[in-house]
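# Structural description and commentary
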Amino acid sequence: MSKTIYLDNAATTKLNPKVLEEMIPYLSDMYGNASSIYHIGRESRKALDLARDKVAKALNAISNEIFFTSGGTEADNWAIKGVAFANEKKGKHIITTNIEHHAVLHTCQYLEKYGFEVTYLPVKENGIIDIKDLNNALRNDTILVSVMFANNEIGTIQPIKEIGKITRERGIYFHTDAVQAVGNIPIDVEDLKIDLLSLSGHKFNGPKGVGVLYIKRGINILPMIHGGGQERNKRAGTENVAGIVGIGKAIELATKDIEKKNKKLTDLRDMTIKGLIERIPDTILNGDPEKRLPGNVNVCFKYIEGESILLMLDMKGVCASSGSACTSGSLDPSHVLLAIGLPHEIAHGSLRLTFSIENTKKDVEYLLETIPPIVERLRQMSPLISKQ
């Protein structure tokens with residue numbers, strides 16, 4: 001294999017060398033526990049506080065609203081469970097959508113075992129909720145609305161500002177899983193009226209194993225991890241200083257010149273979508289053509305299995321996926337694709353390509369030369385196409 005083209009940036013991203021450079025001292029000489037009072041501990045504490053400031057600045061939050069976690073999954077769990085159990089005397093109704101990441105869906109399903117009632121809003125064919133459905137679902141006992149900022153599979157961006165306005169007016173907490181959005185879309189939590197926001201460092205060229213939960217001042221939320229007094233008594237456990245330093249630097253870099261980066265990614269995305277639809281008959285674009293992440297392409301090729309495409313692309317040096325990396329071992333079709341109305345047999349033929357700033361037009365040209373013959377070959381072998 002002479003080349004590798006990495007197009008699975010929604011699953012994880014390459015660690016930025018500048019991020020690694022800042023992390024290394026805290027993996028070697030500057031190893032102090034940030035809760036210690038001697039000088040090497042104080043150095044770790046300084047680094048931790050600086051990283052917190054960087055995350056806050058990127059979100060237009062204040063530093064004491066930023067809490068470090070082990071990643072997006074923990075942040076989602078904490079936001080939803082923490083708010084639910086802290087506010088259950090006010091009500092036990094939660095609203096989310098049927099295309100959320102499983103970190104949100106499974107957490108909501110867990111809460112149903114404890115007497116909470118969850119409304120799962122449907123989405124339209126483009127993967128976006130109807131605001132009317134949200135308004136109709138709101139009740140006097142609704143305590144939380146959790147709607148993802150941008151979908152991890154089809155890249156569609158939800159009307160976050162409208163949702164924030166509605167929930168703020170009703171005095172209902174609003175959480176958004178912004179794991180895919182941070183570093184790809186400018187985010188201002190004050191302007192968007194977001195109360196809680198989850199993010200994960202490895203989605204924007206930071207390290208794995210570190211994330212953030214933004215909690216607006218005054219939010220009533222219980223801790224999920226108990227022990228010491230770290231993170232202002234809200235999240236126990238010795239701080240992952242190197243990882244926190246890394247996420248601080250990564251978010252600083254990812255949000256700098258974001259519009260310029262997005263222009264390049266959007267051009268690559270649109271070139272890919274146009275080329276695939278023109279060159280391969282019976283190709284379906286999943287998600288909204290415009291209200292989607294700049295670097296996200298998600299298509300279905302009728303009559304074939306997506307897994308076969310991935311294996312053959314891998315042989316050609318292309319790293320891609322058929323959907324969420326968290327469900328890659330499942331034989332079931334994507335719950336997101338089913339939610340936008342695709343039948344099982346078409347949903348099985350999905351391909352997700354997610355670009356980074358390192359990708360080029362030459363990569364797209366290579367893709368557009370490589371994918372059509374793969375699809376044609378698989379269709380020739382497919383038992384589905386003979387039935388059409």
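Residues numbered from 1 in each chain as written. Predicted model: local features only at pLDDT ≥ 70, side-chain atom pairs only at ≥ 80, totals over all residues. Heavy atoms only, no water.

## Digging into the domain arrangement of the chain
Per the domain assignment, the segments of the chain are domain 1 (17-256) and domain 2 (257-381). When domain 1 packs against domain 2, the two sides together hide about 2200 Å² of surface, and 57% of this comes from carbon and sulfur. Per-residue buried area on domain 1 facing domain 2 is highest for Glu-153, Ile-154 and Asn-184; these three make up 31% of the total on that side. Inspection of the domain 1/domain 2 interface yields 0 salt bridges. (Domains from an automatic or database assignment. Buried area = accessible area lost by both parts, 1.4 Å probe. Salt bridge = Lys/Arg side-chain N within 4 Å of Asp/Glu carboxyl O.)

## Observations concerning the UniProt feature "binding site: pyridoxal 5'-phosphate" (unreviewed entry) in the chain
UniProt records the feature "binding site: pyridoxal 5'-phosphate" (unreviewed entry) at Gly-72, Thr-73, Asn-152, Gln-180, Ser-200, Gly-201, His-202 and Thr-238, using the numbering of this structure. Sequence-wise these annotated residues cover 167 residues; spatially they are dispersed, their C-alpha atoms as much as 30.1 Å apart. For Gln-180, the residues in contact, after removing those within four places along its chain, are Ala-10, Ala-150, Asn-151, Asn-152, Lys-203 and Leu-293. At a separation of 3.0 Å, a polar atom in the side chain of Gln-180 contacts the main-chain carbonyl oxygen of Ala-10. Tracing the chain through its elements places Thr-238 in the loop between helix H8 (230-233) and helix H9 (241-254). Those residues in contact with Thr-238 that lie beyond four places of it in its chain are Asn-33 and Gln-230. (UniProt positions renumbered as here; feature names shortened; annotations may be inferred. Contact = heavy atoms within 4.5 Å. Polar contact = N/O pair within 3.5 Å; in protein donor to acceptor, adjacent residues only side chain to side chain. Helix = DSSP H or I, 4+ residues; strand = E, 2+ residues; numbered from the N terminus.)

## A word on the sheet that holds strand E2 (residues 66-69)
Read from one edge of the open sheet, 7 strands run E2-E8-E7-E6-E5-E3-E4, paired in mixed fashion. Edge positions in the sheet fall to E2 and strand E4 (117-121), since each has one partner strand and no second. Between one strand and the next, the sheet's axes are offset by a mean angle of 20 degrees, whatever the strand orientation. In this sheet, strand E5 (residues 142-146) lies alongside strand E3 (residues 93-97) in parallel orientation, the contact comprising 3 bridges. The partner of Ile-95 across the bridge, within E5, is Val-145. Together, E2, strand E7 (196-200) and strand E8 (211-215) form the strand contacts of helix H2 (residues 39-59), whose direction differs from that of E2 by roughly 115 degrees. (Pairing = 2+ DSSP bridges. Axes fitted to C-alpha atoms, helices over the stretch in contact; angles between N-to-C directions.)

## Here's the deal with the packing of helix H11 (residues 306-315) against helix H14 (residues 361-381)
Contact pair H11 / H14: the axes reach a minimum separation of 10 Å and the direction vectors enclose 135 degrees. Here H11 is positioned oblique relative to H14, judged by the angle of their axes. Viewed along their axes, H11 and H14 form a crossing whose handedness is right-handed. Contact residues: H11 offers Ser-308, Ile-309, Met-312 and Leu-313, while H14 offers Thr-370, Ile-371, Ile-374, Arg-377 and Leu-378. Residue classes in the contact of H11 with H14 are distributed as 6 nonpolar, 2 polar and 1 charged. (Parallel < 35°, antiparallel > 145°, perpendicular 65-115°, else oblique. Left-handed = near helix turned anticlockwise from the far one by under 90°. Nonpolar A, V, L, I, M, F, W, Y, C, P; charged D, E, K, R; others polar.)

## Notes on the pairing of E4
Across 5 bridges, the pairing between E3 and E4 is parallel. Of the residues in E4, the one forming a bridge with His-93 is Glu-117. For the segment spanning E3, helix H4 (residues 102-112) and E4, crossover handedness is right-handed. (Right-handed = clockwise from strand over helix to strand, strands pointing away.)

## A closer look at the sheet that holds strand E9 (residues 283-285)
Strand pairing in a sheet relies on backbone hydrogen bonds, with the paired strands running either antiparallel or parallel. The strand order E9-E10-E12 describes an open sheet built from 3 strands, whose pairing is antiparallel. Of all the strands in the sheet, just E9 and strand E12 (350-354) have a single pairing partner and so form its edges. Within the sheet, the average angular offset between the axes of one strand and its neighbour, ignoring direction, is 25 degrees. Across the sheet, helix H10 (residues 258-279) touches E9, strand E10 (296-301) and E12, and the angle it forms with E10 is around 10 degrees.

## Overview of the packing of aromatic side chains
As enumerated under the stated definition, the model contains 4 aromatic pairs in all. Seen from their ring centres, Phe-85 and Tyr-114 are 5.9 Å apart, and the 90 degrees between their planes marks the pair as edge-to-face. Here Tyr-114 lies in the loop between H4 and E4 and Phe-85 lies in helix H3 (residues 72-86), a separation of 29 residues in the sequence. Since its relative accessible area comes to 28%, Phe-85 is described here as partly exposed. Through a chain of ring-to-ring contacts, three or more aromatic side chains come together here, namely Phe-85, Tyr-110, Tyr-114 and Phe-116. (Phe/Tyr/Trp six-rings, centres within 6.5 Å; stacked < 30°, edge-to-face > 60°. Buried < 20%, exposed > 50% of the residue type's maximum accessible area, 1.4 Å probe, protein only.)

## A few points about the pattern of salt bridges
Across all of its chains, the model carries 22 salt bridges by this definition. Residue Lys-92 is joined to Glu-88 by a salt bridge in which the shortest nitrogen-to-oxygen separation is 3.5 Å. Using a relative accessible area of 27% as the deciding quantity, one classes Lys-92 as partly exposed. Between Asp-270 and Arg-269 there is a salt bridge, with its nearest N and O atoms 2.9 Å apart. The class for Asp-270 is partly exposed, based on a relative accessible area of 34%. For Arg-269, a relative accessible area of 5% gives the class buried. A cluster of three or more residues bridged by salt bridges with shared partners is formed by Glu-22, Lys-54, Lys-249 and Glu-252.

## Digging into unusual backbone geometry
Even without a glycine there, the phi angle at Lys-193 is positive, about 60 degrees. If you trace the backbone, Lys-193 turns up in the loop between helix H7 (189-192) and E7. Residue Lys-193 is classed as partly exposed on the basis of its relative accessible area of 30%. Non-glycine residue Asp-257 carries a positive phi angle of around 55 degrees.

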